[in-house]
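An overview of the molecular structure
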Amino acid sequence: MISDSLKSRLKNGGETEHVLWNHFDFKSKSDNEKKAFIFIWVISLSIIVFGVGGLLLLSLQFGNRCYRHFDVVSEVERSDSNNVEYRYFQKNILKFSNNGISLIDPNGRPVWNGGYEMKQAQVDICDKRVIAADIGGNSFHVYDGEDEGVGMETSYPIVRARVSSQGIAAVLEQEPESNTLKLYNPYSNSGSLVAEIPTVVSDDGYPMDFDISPDGATIVASYMTTENNEAKSQVNFYNFSEVGKDNNMLVGGKEYDKEMVSGISFLTEDTVAIFREKGVDVYRNMKKPELMYTKEFNDTVMSIAYSAEYLGIVTVDKSGATKVLHLYDIEGNDIFDRKIDYDYGDFKIYGDELYFSAPHSVDVVRVNGKEKFSGEFDVETDGVFPGGSNVEYILVDYNTIKRIRIKR
């Protein structure tokens with residue numbers, strides 16, 4: 001207790017720091033007071049340590065438990081056909097078909113709609129932009145959620161299309177004598193065609209995959225060629241800034257002898273991943289590409305998933321019996337390797353969770369390698385997506401869109 005004299009001196013000013021120090025001076029206490037003081041501090045410290053330890057233990061226990069059951073919190077009937085595909089986009093659900101595209105919230109309410117008619121619709125997403133292209137047809141549409149979208153016609157059939165965060169569209173078109181990569185700005189008033197990258201199949205090879213950087217300044221493309229009856233891959237880096245104009249936009253390249261490149265994806269604004277049969281190479285600095293890191297595997301790469309923070313790769317041995325999940329951060333640092341036995345057809349990363357989806361099941365793994373949810377469904381599903389809560393997911397099946405809450 002603070003004495004009346006101390007209270008008076010604190011109220012009236014004075015040498016406050018000196019007074020407080022003398023009042024609580026441990027050396028001036030009697031032996032009994034010292035023992036009581038030490039006892040109180042030991043008990044207090046013990047309570048704090050055991051309390052924090054208990055909270056950490058509970059957090060670890062609940063944070064690492066695996067849930068195998070769920071309750072349906074809400075559901076709405078699907079008003080579309082079973083030919084509709086679903087994607088997770090901007091914490092909502094993007095659905096598209098050959099007859100149009102729309103964004104709905106987790107409760108099934110429309111956010112925006114876009115109309116078109118296509119023979120084979122394919123979508124690509126980058127930040128807030130979406131491109132829907134008619135594969136084999138001559139049209140594509142770009143959406144940003146702010147309007148009805150911008151549509152364009154192409155001169156030749158579309159093979160594949162990608163979009164940047166600025167709405168720049170990279171479109172591979174099948175011309176009579178070659179395939180040409182074309183860069184369009186559908187929002188431009190002065191002409192939509194920005195650049196062209198012609199490809200002569202007999203010389204350059206057949207285009208296999210490509211991606212455009214989020215800022216729309218770079219395209220990285222892979223080509224398959226043959227030499228002495230053996231297939232190999234060539235990856236080219238094209239930059240549309242002043243740097244690339246000195247060499248017809250080509251600023252770098254990499255040849256892969258006797259190994260096929262299976263995919264190309266930009267991980268960030270200035271880093272791109274080149275996925276191949278036995279590993280992945282990540283490059284940075286798109287004006288002068290340089291290898292950032294590489295991952296090599298003895299087994300074959302089976303599937304890949306990535307986000308802005310993580311890169312996940314599943315490898316499989318020759319027998320097909322042993323699958324290993326490798327997870328890295330975006331800088332290439334190892335997070336974990338673990339065997340998995342999931343029977344899945346789709347592999348995605350959302351936030352801090354990895355999703356392995358099959359028509360009648362889903363397995364969700366935390367980024368610490370611990371299983372979170374292993375669920376089985378009576379009906380065939382079109383997708384399982386984050387539900388906004390740590391224990392809730394959105395389940396899209398053939399008839400309904402359900403919000404489910406997982407439980408043990």
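Residue numbers here run from 1 along each chain, matching the order of that chain's written sequence. Per-residue local features of the predicted model are confined to residues with pLDDT of at least 70, and side-chain atom pairs are confined, for both listing and counting, to 80 or more; whole-chain, interface and lining totals are unaffected and use all residues. Note that the side-chain values use all heavy atoms of the structure and ignore hydrogens as well as water.

**Section: a nonpolar patch on the surface**
The test is simple: Any residue with relative accessible area above 30% and no salt bridge may belong to a patch, with like charges joined within 9 Å and the nonpolar Val, Leu, Ile, Met, Phe, Trp and Tyr side chains within 5 Å. Accessible surface is estimated by sampling points in the Shrake-Rupley manner with a 1.4 Å probe; for residues, cover comes only from the protein chains shown. We define a salt bridge as a contact between a side-chain nitrogen of Lys or Arg and a carboxyl oxygen of Asp or Glu at a distance within 4 Å. Only DSSP runs of H or I covering at least 4 residues are called helices, and only runs of E covering at least 2 are called strands; the numbering of each starts at the N terminus.
On the surface, Phe39, Ile40, Ile43 and Ile47 cluster together to form a nonpolar patch covering roughly 420 Å² of accessible area. Position of Ile43 relative to the elements: it lies in helix α3 (residues 31-63).

**Digging into the packing of aromatic side chains**
For the record, the criterion: Each pair of aromatic rings taken from Phe, Tyr and Trp, with Trp reduced to its six-membered ring, is defined by centres within 6.5 Å and is described as stacked if the planes are under 30 degrees apart, edge-to-face if over 60, and tilted in the remaining cases. As a reminder, the over-ring test applies to NZ of lysine and CZ of arginine, requiring each to be within 6 Å of the ring centre and within 35 degrees of the ring normal.
Tallied over the entire structure, the rule returns 14 aromatic pairs. Just above the ring of Phe210 sits the side chain of Arg162; from NZ or CZ to the centre is 5.8 Å. Looking at Lys254, its charged tip hangs above the ring of Tyr256, at a distance of 5.5 Å from the centre.

**Remarks on the environment of Asp105**
As a reminder of what qualifies: Each residue's exposure class comes from its accessible area (1.4 Å probe, protein chains only) as a fraction of the maximum for that residue type: buried when under 20%, exposed when over 50%, partly exposed otherwise. Working rule for contacts: check all heavy atoms of both residues, and any pair within 4.5 Å makes them a contact. Any pair of nitrogen or oxygen atoms within 3.5 Å is treated as a polar contact; in protein, a donor-acceptor pairing is required on top of that, and neighbouring residues in sequence qualify only through side-chain atoms on both sides.
With respect to the helices, strands and loops of the structure, Asp105 is situated in the loop between β4 (100-104) and β5 (110-114). On the accessibility criterion, Asp105 (13% relative accessible area) is buried. A C-alpha to C-alpha distance of 8.8 Å links Asp105 and Leu94, two positions eleven residues apart in sequence. Excluding residues that lie within four positions of it along the chain, Asp105 makes contacts with Asn92 and Val111. At a separation of 2.8 Å, a polar atom in the side chain of Asp105 contacts the main-chain amide nitrogen of Asn107.

**Quick look at the sheet that holds strand β12 (residues 179-184)**
Formally: When DSSP locates at least two bridges between a pair of strands, those strands are taken to pair. A fitted line through C-alpha atoms serves as each axis, taken over the contacting stretch for helices, and the angle formed by two N-to-C directions is quoted from 0 to 180°.
Reading across the sheet, the four strands line up as β10-β11-β12-β13 and stay open at both edges, with antiparallel pairing between neighbours. In this open sheet, the two strands that pair with only one neighbour each are β10 (158-163) and β13 (193-199). Within this sheet the neighbouring strands show an average axis-to-axis angle of 15 degrees, counted without direction. Direction of pairing for β10 relative to strand β11 (residues 169-174): antiparallel, over a ladder of five bridges.

**Remarks on the pairing of strand β15 (residues 218-227)**
Counting buried positions along β15 gives seven out of ten residues, so the element sits mostly inside the fold. Looking at chain direction, strand β14 (residues 206-212) and β15 are connected through six bridges and run antiparallel. Counted as the bridge partner of Asp209 is Ser222 from β15. The turn linking β14 back onto β15 is made up of five residues, and Gly216 within it adopts a positive phi angle of 75 degrees. Looking at chain direction, β15 and strand β16 (residues 230-239) are connected through ten bridges and run antiparallel. Bridging across to β16, Ile219 finds its partner in Tyr238.

**With respect to the confidence of the model for the protein**
Spelled out, the test is: Predictor confidence is given residue by residue as pLDDT, running from a minimum of 0 to a maximum of 100.
Per-residue confidence for the protein averages 88 on the pLDDT scale, and 87% of its residues sit at or above 70. Throughout residues 5-24 the model reports pLDDT below 50, and contacts reaching past four residues in sequence, or to other chains, amount to 13 contacts.

**Focus on the sheet that holds strand β23 (residues 310-316)**
Strands sit in the order β22-β23-β24-β25 across an open sheet of four strands; the sheet is antiparallel. Of all strands in the sheet, those with a lone pairing partner are β22 (300-306) and β25 (334-340), marking the two edges. The mean angle between the axes of side-by-side strands here comes to 20 degrees, regardless of whether they run parallel or antiparallel. Across seven bridges, the pairing between β23 and strand β24 (residues 323-329) is antiparallel. Among the inter-strand pairings, Ile313 is bridged to a residue of β24, identified as His326.

**Structural notes on a negative patch on the surface**
Worth spelling out the cut-off: Charge assignment: positive for Lys and Arg, negative for Asp and Glu; neither His nor the chain ends contribute. Lysine's charge is taken at NZ, arginine's at CZ, aspartate's at CG and glutamate's at CD.
A surface patch of negative charge is lined by Asp127, Asp215, Glu269 and Asp270. Within the fold, Asp127 resides in the loop between β6 (121-126) and β7 (129-134). Owing to a relative accessible area of 49%, Asp127 belongs among the partly exposed residues under this scheme.

**Some points on the pattern of salt bridges**
When the charged atoms of two side chains lie near each other, side chains of opposite charge can form a pair. A full pass over the atoms with the stated rule returns 23 salt bridges. Salt-bridge contacts for Arg276 lead to Glu259; the nearest nitrogen and oxygen are separated by 3.3 Å. In this pair, Arg276 is assigned in strand β19 (residues 271-276) and Glu259 in the loop between β17 (250-256) and β18 (261-268), connecting sequence segments 17 residues apart. Overlapping salt bridges, with partners in common, bring together Arg78, Asp80, Lys95 and Asp382 in one network.

**A word on the environment of Glu296**
Tracing the sequence through the fold places Glu296 in strand β21 (residues 290-296). With residues up to four places along the chain from it excluded, the contact list for Glu296 reads Arg276 and Lys278. Within polar-contact distance, the side chain of Glu296 engages the side chain of Arg276 at 2.7 Å.

**Points about the side chain of His141**
If you trace the backbone, His141 turns up in strand β8 (residues 139-143). Not counting the four nearest positions on each side in its chain, His141 is found in contact with Gly115, Tyr116, Met118, Val130, Ile131, Ala132, Val150 and Gly151.

**Some points on the side chain of Asp209**
Within the secondary structure layout, Asp209 lies in strand β14. Classification of Asp209 as buried rests on a relative accessible area of 11%. At 3.5 Å, the side chain of Asp209 forms a polar contact with the side chain of Arg160. At a separation of 2.9 Å, a polar atom in the side chain of Asp209 contacts the main-chain amide nitrogen of Ile264.

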